[in-house]
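Geometric and topological summary
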Amino acid sequence: MQNASDLDPIVQQKHALRSKVRKDLKAMIPEQRSEQDIAIQNIVLEAPWFKSSTRLCAYISCDALREVDTSKILSAVLSDPNTECQTKKKLYVPWVEDKNSHMRMFNISSLEDLIANSMNILEPTPVDAHGNQREDVMQASDPVDLILLPGLAFDRSGQRLGRGGGYYDLFLKKYQELAADQKWKQPLLVALAYSLQIMVEGVISVTSNDMPVDALVSPDGVIRISPAAFERM
Ligand SMILES: Nc1nc2c(c(=O)[nH]1)N(C=O)[C@@H](CNc1ccc(C(=O)N[C@@H](CCC(=O)O)C(=O)O)cc1)CN2
Ligand SMILES: Nc1ncnc2c1ncn2[C@@H]1O[C@H](COP(=O)(O)OP(=O)(O)OP(=O)(O)O)[C@@H](O)[C@H]1O
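Residues numbered from 1 in each chain as written. Chains lettered and ligands numbered in written order. Predicted model: local features only at pLDDT ≥ 70, side-chain atom pairs only at ≥ 80, totals over all residues.

**Quick notes on the site of ligand 2**
Quick note on the threshold: Throughout this description, a residue near a molecule or strand is one whose C-beta atom, derived from the backbone, lies within 6 Å of it. Secondary structure elements follow DSSP: runs of H or I of four or more residues count as helices, runs of E of two or more count as strands, with numbering from the N terminus. When residues are sorted by character, Ala, Val, Leu, Ile, Met, Phe, Trp, Tyr, Cys and Pro go into the nonpolar class, Asp, Glu, Lys and Arg into the charged class, and all the rest, Gly among them, into the polar class.
Taken together, 15 residues form the shell around ligand 2, and within it G162, G166, Y167, Y168 and N209 come nearest. Here the element with the most residues in the shell around ligand 2 is helix α5 (residues 167–181); it accounts for 5 residues. Here the shell around ligand 2 is composed, by residue class, of 4 nonpolar, 6 polar and 5 charged.

**Quick notes on the sheet that holds strand β12 (residues 221–224)**
Heads up, the rule is: Criterion used throughout: strands pair if DSSP finds at least two bridges between them. Comment: axis = line fitted to C-alpha atoms, over the contacting stretch for helices; angle = value between 0 and 180 degrees taken between N-to-C directions.
Across the sheet, 7 strands lie side by side as β3-β2-β1-β6-β9-β11-β12; this open sheet has mixed pairing. Each edge of the open sheet carries a strand with a single partner, namely β3 (103–108) and β12. Sheet twist, expressed as the mean angle between neighbouring strand axes with direction ignored, is 25°. Relative to β12, strand β11 (residues 215–218) runs antiparallel, the two sharing 4 bridges.

**Quick word on the pairing of β3**
Judged from the 6 bridges that link them, strand β2 (residues 90–96) and β3 form a sheet pairing that is antiparallel. In the strand pairing of β3, V96 is matched with M103.

**Let's talk about the environment of S52**
Our working rule: With C-beta atoms placed from the backbone, the exposure class of a residue follows from how many other C-beta atoms lie within 10 Å of its own: 20 or more, buried; 12 or fewer, exposed; in between, partly exposed.
Along the chain, the position of S52 falls in the loop between α3 (48–51) and β1 (55–58). A residue is classified by how many C-beta atoms lie within 10 Å of it, and S52, with 13 of them, is partly exposed. Distance from S52 to G221, taken between C-alpha atoms, is 18 Å for residues 169 residues apart in sequence.

**Focus on the nonpolar core**
For the record, the criterion: In this usage, the nonpolar core is the set of buried Ala, Val, Leu, Ile, Met, Phe, Trp, Tyr and Cys residues whose C-beta atoms join them within 7 Å. Our contact criterion uses C-beta atoms placed from the backbone: two residues qualify when those atoms are within 7 Å.
Counting 47 residues, the largest nonpolar core has C57, A58, L148, L149, V190 and V213 as its most contacted members. Examining the composition of this core, we find that 5 residues originate from one element, strand β9 (residues 188–192), more than from any other. In this structure, A58 is in contact with T70, I73, L74, L91, V93 and L148, ignoring residues within four places of it in sequence.

**Let's talk about the site of ligand 1**
The environment of ligand 1 is formed by 18 residues, the closest being Y59, P94, R163, G165 and Y167. Sorting the residues of the shell around ligand 1 by element identifies β2 and α5 as the ones contributing at least two each.

**Considering the sheet that holds strand β10 (residues 198–199)**
Note on sheets: strands pair through backbone hydrogen bonds, and any given pair is parallel or antiparallel. Spatially, the 3 strands line up as an open sheet ordered β8-β7-β10, and their pairing is mixed. This sheet does not close on itself; its edge strands, each paired only once, are β8 (160–161) and β10. The pairing of strand β7 (residues 153–155) with β8 spans 2 bridges and is antiparallel. Residue pairing in the sheet places A153 in a bridge with L161 of β8.

**Some details on the pairing of strand β6 (residues 146–149)**
Side chains L146 and L148 of β6 all project onto a buried face; the interleaved residues I147 and L149 project onto the opposite face, where all are buried too. Strand direction decides the pairing type here: β1 and β6, joined by 3 bridges, are parallel. Its bridge partner lying in β6, A58 is registered against L148.

In structure tokens, the structure reads:
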């Protein structure tokens, strides 16, 4: 039996681009990849928009998926504010709820709050070591100002191709609705990308569910895209 989506040209184009990018990522020389990981993270760590961020969502990079490394960023965010000269930031990280695109973002205060899930991605347990429920960003009384996103491919108009779960698309839609209801400033959506993940415009097919990003950080620097990015970055 053929699924209706198997016939959808957009679904097929996304599938083909994902395969191509996965192959290109696998072919990357490890030294070149780690050089880019360091460059991207240093750009983020030194950026005024990152330094001034007080609450953020970030992904826990998965080496097997060849995602841009976030470990330096996460360590800096979670480090003791007394030893690092930066303000303490509140961090929320993804937790996959089900296979129907539902993802939550839970607050963590240490990398020890993480365990590997069935996809071998580190994620928080919904309940902490003391038996307390972790704070869900959708229930928090204050907004996040920054979301660092993963993805397989991006273009200079902000289109993003994820891994096909629809997790970020659905989460971002719900979070933007919450922020609008609460009259909060929308968070800056910043994706981290290796150079080979930045495509020419038109290559990434999109549907109305796909949420564009405000900016990209690649080893060559920050690519500001939206008016919000030009105002705030
Ligand atoms: N680090 C990280 N955490 C994340 C995401 C992510 O992309 N990166 N997600 C963002 O959505 C959610 C999890 N979604 C995921 C979707 C697919 C795969 C995955 O392993 N995909 C394989 C192909 C699997 C298949 O085709 O059956 C792959 O991409 O190689 C992993 C996570 C939430 N947490
Ligand atoms: N806003 C939404 N509401 C409900 N389902 C959605 C929404 N956005 C995406 N989906 C579901 O997710 C599926 C995959 O979407 P898509 O290929 O755009 O994912 P993706 O952007 O690659 O993944 P991700 O957002 O996790 O990085 C869609 O076919 C759809 O079923």
